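Architecture and fold: a report
Here are the chains, one letter per residue:
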Amino acid sequence: MYLWSMNEDVQVQSHWTVDETLRRVPQTAKVFIKYKTQCVGCFLQKFCRIKDVAEVYQVNLDEFLKSLNDKKGE
Amino acid sequence: MKINPTDLNQVDVLKDAPLEDLNLIVEKSILRSIEEDSFYFFQGDPAKYAYILVTGRVKLVQSNPAGQQVNLRTIKQWEMFAALGAIRSDATYPVAAQALEPSSALAIESDVLREMMQTRPYLNMGLMQLMTGYIQEMQNRYRELATEKVERRLALTILRLASQVGIKSQGQIELPLSQQDIAEASGSTIYTVSRTLSEWEKRGLIETGRGRIVMRNPHGLVEIAEGIESA
């Protein structure tokens with residue numbers, strides 16, 4: 001087990017699950033919503049990795065990761 | 001306002017009617033104009049008149065004893081409505097007809113329409129087409145209510161259970177649960193669960209095995225649960 005804190009410098013990785021992403025960087029919620037995903041509130045958060053989300057919703061993984069790390073919904 | 005009898009050929013039920021019948025209908029009917037929110041008739045009134053909407057829009061509403069209302073349909077220009085009294089002389093209106101905007105409609109006595117039906121096959125066919133159209137629509141709505149609700153509930157149950165007891169193996173989410181478990185968790189019957197799951201299996205959403213369910217397309221289940229299924 002490892003501890004993490006809400007760290008501004010932390011970078012979301014494509015192998016992170018949605019659950020992990022939202023817990024470590026809660027501000028990413030608005031990015032998930034902006035991309036019109038159902039991820040926020042979904043029961044499958046701990047199963048889906050960021051790259052799975054990009055695949056399912058057919059969005060470019062690099063752009064998606066960049067938006068998640070900018071934590072901006074624009 | 002004067003009704004031109006040939007306009008009545010735009011009414012589906014009367015599209016094959018000869019001019020003399022259209023003249024007869026205009027002559028025998030009265031034009032009733034009402035304001036927005038007023039009623040042509042109320043639920044439970046004796047069905048003495050059938051109507052043809054000439055201008056405006058009218059909604060047909062049914063209420064239950066507790067006062068909850070369901071909008072059954074909206075009547076548009078040149079549609080016939082409330083014709084059931086022509087078929088059954090003791091009928092009462094099963095709905096209320098309320099104007100959504102200022103409206104006018106030709107009211108024909110049900111008795112007159114019934115007498116005309118005796119010698120006019122086109123009229124019988126026209127009314128039967130209207131009726132079968134209604135029935136088909138209601139059957140579709142019934143199916144949607146009965147099945148889609150269950151589908152959504154089952155999908156939601158499976159997703160919830162997956163978040164609690166799901167195991168990720170070889171890139172897929174596996175649930176160590178039987179159909180009986182799903183039925184109990186969702187408050188439905190094993191028959192419904194079995195039918196729905198085999199339908200989903202055919203669509204490639206899941207795979208079922210002895211005491212386990214594998215989610216082949218988890219996102220597809222999310223879409224069903226959210227009610228945003230495209231297919």
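A short tour of the structure in this document, coming up. Worth saying up front: this structure is predicted, and the values here are computed from it rather than measured.

Reading the values: the criteria
- Residues numbered from 1 in each chain as written.
- Chains lettered and ligands numbered in written order.
- Predicted model: local features only at pLDDT ≥ 70, side-chain atom pairs only at ≥ 80, totals over all residues.
- Helix = DSSP H or I, 4+ residues; strand = E, 2+ residues; numbered from the N terminus.
- Buried ≥ 20, exposed ≤ 12 C-beta atoms within 10 Å, placed from the backbone.
- Contact = placed C-beta atoms within 7 Å.
- Pairing = 2+ DSSP bridges.
- Axes fitted to C-alpha atoms, helices over the stretch in contact; angles between N-to-C directions.
- Nonpolar A, V, L, I, M, F, W, Y, C, P; charged D, E, K, R; others polar.
- Core = buried A, V, L, I, M, F, W, Y, C linked by C-beta atoms within 7 Å.
- Parallel < 35°, antiparallel > 145°, perpendicular 65-115°, else oblique.
- Left-handed = near helix turned anticlockwise from the far one by under 90°.

With that settled, the discussion passes to the overall build of chain B. The secondary structure content of chain B amounts to seven helices and 12 strands. Counting the 231 residues in chain B, one finds 26% classified as buried. By sequence separation, contacts in chain B at least 24 residues apart represent 67% of the contacts at least 6 residues apart.

The topology assignment puts Leu130(B) in helix H4 (residues 121–165). Beyond its immediate stretch of four places on either side in the chain, Leu130(B) contacts Asp12(B), Val13(B) and Met80(B).

To continue, consider the sheet that holds strand E5 (residues 69–75) of chain B. Residues and elements named next belong to chain B. The strand order across the open sheet built from four strands is E2-E7-E4-E5, with neighbouring strands paired in antiparallel fashion. The sheet is open, and its two edges are formed by strand E2 (39–41) and E5, each paired on a single side. Strand-to-strand twist of the sheet, defined as the mean angle between neighbouring strand axes without regard to direction, takes the value 30 degrees. In this structure, E2 lies alongside strand E7 (residues 96–99), joined through two bridges in antiparallel fashion. When the sheet's bridge partners are listed, Phe 41 is paired in E7 with Ala 97.

Moving on: the interface of chain A and chain B. Accessible area lost when the parts come together is the quantity often used to give the size of an interface. Facing the six residues of chain A at the interface are 11 residues of chain B. Considered class by class, the residues forming the side of chain A that touches chain B number five nonpolar, one polar and no charged.

As a further point, take unusual backbone geometry. Residue and element names in this part refer to chain B. In the Ramachandran plot, Asp 37 falls in the positive-phi region, its phi being about 75 degrees despite a non-glycine side chain. Within the secondary structure, Asp 37 sits in the loop between strand E1 (30–34) and E2. At Trp 78, a residue that is not glycine, the phi angle is positive and equals roughly 60 degrees. Here Trp 78 is to be found in the loop between E5 and strand E6 (80–81).

Residue and element names in this part refer to chain B. If you walk across this open sheet you meet the four strands as E9-E10-E12-E11, and the pairing is antiparallel. Each having just a single partner strand, strand E9 (167–169) and strand E11 (206–209) make up the two edges of the open sheet. Across the sheet, the axes of successive neighbouring strands diverge by a mean angle of 30 degrees, strand direction being ignored. Note: strand E10 (residues 172–175) against strand E12 (residues 212–215), three bridges, orientation antiparallel. Directly across from Leu 175, in E12, lies its bridge partner Ile 213. Strands E10 and E12 of the sheet are contacted by H4, whose axis makes an angle of about 95 degrees with E10.

Quick look at the nonpolar core now. In terms of nonpolar packing, the biggest core is built from 34 residues, with Leu44(A), Ala155(B), Ile158(B), Leu159(B), Ala162(B) and Leu221(B) touching the most fellow members. Those elements that provide at least two residues to this core are helix H2 (29–34), helix H3 (50–56) and helix H4 (61–70) of chain A together with H4, E10, helix H6 (190–202), E12 and helix H7 (218–226) of chain B. With five residues, the top contributor of residues to this core is H4(B). Not counting chain neighbours up to four residues away, the residues in contact with Ile158(B) comprise Leu175(B), Ile182(B), Ile213(B) and Leu221(B).

In this section: the pairing of E10(B). Residue and element names in this part refer to chain B. Residue alternation in E10 divides its side chains into a buried set, Ile 173 and Leu 175, and an unburied set, Gln 172 and Glu 174. Across three bridges, the pairing between E9 and E10 is antiparallel. Considered in E10, the bridge of Lys 168 is made with Ile 173. Where E9 hands over to E10, the hairpin turn is made up of two residues, of which Gln 170 adopts a positive phi near 50 degrees.

Turning to the packing of H4(B) against H7(B), a few remarks are in order. Residues and elements named next belong to chain B. Close contact between H4 and H7 brings their axes to 7 Å; oriented N to C, the two are set at 130 degrees. Looking at the two axes, H4 sits oblique to H7. Every pair of crossing elements has a handedness; the one defined by H4 and H7 is left-handed. For the pair H4 and H7, the contacting residues are Glu 151, Arg 152, Ala 155, Leu 156, Ile 158 and Leu 159 in the first and Leu 221, Val 222, Ile 224 and Ala 225 in the second. Grouping the constituent residues of the contact of H4 with H7 by class yields eight nonpolar, no polar and two charged.

All names here are of chain B. With five bridges joining them, E1 and strand E8 (residues 103–109) adopt antiparallel strand pairing. Considered in E8, the bridge of Ile 34 is made with Ser 103. In the sheet, strand E3 (residues 49–55) pairs with E8 via six bridges, with the strands oriented antiparallel. Note that in E8 the partner of Tyr 49 across the bridge is Glu 109.

Residue and element names in this part refer to chain B. Turning to its location among the elements, Leu 31 is positioned in strand E1. For Leu 31, a count of 15 C-beta atoms within 10 Å translates into the label partly exposed. For the pair Leu 31 and Ile 52, spaced 21 residues apart in sequence, the C-alpha separation works out to 9.4 Å. If sequence neighbours within four positions are ignored, Leu 31 has contacts with Met 1, Ile 3, Val 54, Ser 104 and Leu 106.

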